[in-house]
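# Structural description and commentary
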Amino acid sequence: MSLDDLAAATNTIVSKQMLSRYERGLSLPPPSVVTALAKALGVPVSRLLSGPRLVVRPVAYRKQTSLTKGAERRIASLLGDELEQRVRVQEAIGIHEVKLPILKIPARSLEDAEDAAKEVRKSWGLGDAPIMSLVDEMESRLVHVIEVDAPDSFDGLSLVAYNEKSKPVAVAAAVKRGVPGDRQRLSLAHELGHILLNVESGVSEEKVAYRFASALLAPANALRRDVGERRTAVDLGELAILKQRYRMSLQAIVYRLRELGIISDSHGQSWFVAIRARGWGKVEPWEIAREEPTWLKRNIHRAVAEGVLRRDEASVLLGADGVSDDTAVSERLEMMQMTREERRRVLEQSVAEALTEYEPDAEWTNAGLEEVAGSDGD
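### Focus: the overall build of the protein
Within the protein, the secondary structure is distributed over 18 helices and six strands. The burial tally for the protein puts 42% of its 378 residues in the buried class. When contacts within the protein are restricted to residue pairs at least 6 apart in sequence, long-range pairs at least 24 apart make up 68% of them. Carbon and sulfur atoms form 51% of the exposed surface of the protein, whose accessible area is close to 21,000 Å².

Structure follows, in structure tokens:
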């Protein structure tokens, strides 16, 4: 939001000029303005009154991106805030650290990236089989998948959140919302490479991350079994089947076949030209379904069910999805398991609390209370 937008969203309770002073730390807003700002921004007041507990650092921006520095900073800031919210949920369910070799797998060459993908597959128990849901595999290892509304020039960004002891407590791979599934998967695998690999100076981080991504999604041994060690040509029907099997784009499959030496550079280049000529540069036929992140929603509901996260906090974190209110059902089930005397005490307490909200009324009598508490019905 621009300052003008935010001022308008507060019903002009605060001016653009004062918002600027707040941003620059030259003034502090009074409580009424804090409340208005929180409402306009869709966050609890407590979010504006507490400072950040974490340091969130981008691991790497895509070097070829045409995003301006300002756009990069805005996206990184939004994603950093999003990752902080996930850390709140992590902590609510008792997770206080992430067990990943962040920036620790050495990569001095493209072959190192290939070997790193093999090691990740081995440690994750994936074997050589195609990965049916990369999002599920990443989220199950606490790599948060965040989708972001961003310009077409944005492909992805990886972030790490550190606590006050400089210990990593969360990681995230962010990709553009709404892209086809094959592009989404390659972008996520690419960002995972940035998170895990320690690329030696002088080596292209982007090329290393891409090689890691393609090797993770289409292991060399598996692809050679499916296609053969050496081919003079492949046709479109075969590429379409491989696309569905490995859930990668036609272009990524061709690139992988070429980098493994299964097809020649010239044959690979002829396919790139043919794909562009058909207008399949960004949207290809045989669409691969996008994968939906579920970690956040699932664990927010878990935290609410276990009573470690308030329902209003959960509703803010979930946004429009909200949290269904099944409290009444739970309470009825609990009541059914109580003795008659226990039900009486619970009802007496409920009535006493209710009376504090209303004026005393002659209709609220002990006889009436006894009739309700002593009933064996609903």
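### Remarks on the packing of helix α6 (residues 110-123) against helix α9 (residues 205-217)
It is the contact of α6 with α9, at a shortest axis distance of 8 Å, that shows an interaxial angle of 40°. Judged by the inter-axis angle, α6 sits oblique to α9. Viewed along their axes, α6 and α9 form a crossing whose handedness is right-handed. Contact with α6, carried on its side by Leu 110, Glu 111, Ala 113, Glu 114, Ala 116, Ala 117, Val 120 and Arg 121, involves Lys 207, Val 208, Arg 211, Phe 212, Ala 215, Leu 216 and Leu 217 of α9 and no other residues of that element. Of the residues contributing to the contact of α6 with α9, the split by class is 10 nonpolar, no polar and five charged.

### With respect to helix α8 (residues 181-196)
If you check α8, its first and last C-alpha atoms are 23 Å apart, about what 16 residues at 1.5 Å a residue would give, namely 22 Å. Within α8, 15 of the 16 residues are buried, leaving the element largely enclosed by the surrounding structure.

### Focus on the packing of aromatic side chains
Within a pair of aromatic rings, the relevant descriptors are the distance that separates the centres and the angle that separates the planes. In this structure the tally under the stated criterion is three aromatic pairs. Between the aromatic rings of Tyr 255 and Phe 272, the centroid separation amounts to 6.4 Å while the plane-to-plane angle is 40°, which identifies the pairing as tilted. Remark: Phe 272 occurs in helix α13 (residues 265-277) and Tyr 255 occurs in helix α12 (residues 250-259); sequence separation between them is 17 residues. The exposure class assigned to Tyr 255 is partly exposed, which follows from its relative accessible area of 33%. Aromatic pair Trp 280 and Trp 286: ring centres 6.1 Å apart, planes at 75°, arrangement edge-to-face. Note on Trp 280: relative accessible area 16%, which makes it buried. Assessed through its relative accessible area of 38%, Trp 286 is described here as partly exposed. Feature note: the residues Tyr 210, Tyr 255 and Phe 272 constitute an aromatic cluster, connected by ring pairs. Here Arg 57 stacks its cationic end above the ring of Tyr 162, 5.0 Å away from the centre of that ring. The residue whose ring lies beneath Arg 245 is Tyr 246, and the NZ or CZ to ring-centre distance is 5.4 Å.

### Observations regarding the confidence of the model for the protein
Within the protein, residue pLDDT values average 86, and 85% of them lie at 70 or more. Every residue in residues 325-330 is under pLDDT 50, and counting partners more than four places away or in other chains gives three contacts. Overall, residues 357-378 carries pLDDT values under 50, and its contacts beyond four positions in sequence, including any with other chains, amount to 14 contacts.

### Examining a nonpolar patch on the surface
Together, Met 1, Leu 41, Val 45, Leu 48 and Leu 49 make up an exposed nonpolar region whose accessible area comes to about 480 Å². The dominant element in the nonpolar patch, judged by the number of residues it contributes, is helix α4 (residues 45-49), at three residues.

### Details of the nonpolar core
Core analysis: the biggest nonpolar cluster contains 70 residues, and Met 138, Phe 212, Leu 216, Leu 257 and Ile 300 have the highest contact counts within it. Leaving out residues up to four positions away in the same chain, Met 138 has contacts with Trp 124, Val 143, Val 145, Ala 173, Leu 188 and Leu 192. Counting residues in hydrophobic clusters, the runner-up holds 19 residues, among them Ala 76, Leu 83, Val 87 and Ala 150.

### Digging into the environment of Gly 228
Among the secondary structure elements, Gly 228 is positioned in the loop between α10 (220-227) and α11 (236-246). Taking relative accessible area as the criterion, Gly 228 reaches 21% and is therefore assigned partly exposed. Gly 228 sits 35 residues away from Ile 263 along the chain, and the two C-alpha atoms are 9.8 Å apart. When residues no more than four places from it in sequence are discounted, the contact partners of Gly 228 are Leu 223 and Ile 262.

### A look at the pattern of salt bridges
Throughout the structure, instances matching the rule amount to 27 salt bridges. The shortest N-O distance in the salt bridge between Asp 149 and Arg 177 comes to 3.0 Å. Taken together, the residues Asp 149 in the loop between β3 (143-148) and β4 (156-162) and Arg 177 in the loop between β5 (168-176) and α8 connect sequence positions 28 residues apart. Accessibility expressed as a relative area gives 40% for Arg 177, which makes it partly exposed. Note that Glu 229 and Arg 224 form a salt bridge whose closest N and O atoms lie 3.5 Å from each other. A residue is classified by how much of its surface remains accessible, and Glu 229, at 58% relative accessible area, is exposed. Its relative accessible area of 24% is what places Arg 224 among the partly exposed residues.

### A look at the packing of α11 against α12
One way to put it is that α11 packs onto α12 with a least axis distance of 9 Å and a crossing angle of 100°. With respect to each other, α11 and α12 are oriented roughly perpendicular. Along its contact with α11, which presents Leu 236, Leu 239, Ala 240, Leu 242, Lys 243 and Tyr 246, the element α12 presents Leu 250, Ile 253, Val 254 and Leu 257. Tallied by class, residues from the contact of α11 with α12 come to nine nonpolar, no polar and one charged.

### Some points on the side chain of Lys 176
The topology assignment puts Lys 176 in strand β5. According to the relative accessible area criterion, Lys 176 is buried, its value standing at 13%. Side-chain polar atoms of Lys 176 contact the backbone oxygen of Ala 150, separated by 2.4 Å. With near-sequence residues (within four places) excluded, Lys 176 lies in contact with Val 148, Ala 150, Pro 151, Asp 152, Phe 154 and Asp 155.

Reading the values: rules and limits
Residues numbered from 1 in each chain as written. Predicted model: local features only at pLDDT ≥ 70, side-chain atom pairs only at ≥ 80, totals over all residues. Heavy atoms only, no water. Helix = DSSP H or I, 4+ residues; strand = E, 2+ residues; numbered from the N terminus. Buried < 20%, exposed > 50% of the residue type's maximum accessible area, 1.4 Å probe, protein only. Contact = heavy atoms within 4.5 Å. Areas by Shrake-Rupley, 256 points an atom, 1.4 Å probe, with all protein chains shown as cover. Axes fitted to C-alpha atoms, helices over the stretch in contact; angles between N-to-C directions. Parallel < 35°, antiparallel > 145°, perpendicular 65-115°, else oblique. Left-handed = near helix turned anticlockwise from the far one by under 90°. Nonpolar A, V, L, I, M, F, W, Y, C, P; charged D, E, K, R; others polar. Expected span 1.5 Å × (residues − 1). Phe/Tyr/Trp six-rings, centres within 6.5 Å; stacked < 30°, edge-to-face > 60°. Lys NZ or Arg CZ within 6 Å of the ring centre and 35° of its normal. pLDDT = per-residue confidence, 0-100. Patch = residues over 30% accessible without salt bridge, like charges linked within 9 Å, V, L, I, M, F, W, Y side chains within 5 Å. Salt bridge = Lys/Arg side-chain N within 4 Å of Asp/Glu carboxyl O. Core = buried A, V, L, I, M, F, W, Y, C linked by side-chain atoms within 4.5 Å. Polar contact = N/O pair within 3.5 Å; in protein donor to acceptor, adjacent residues only side chain to side chain.

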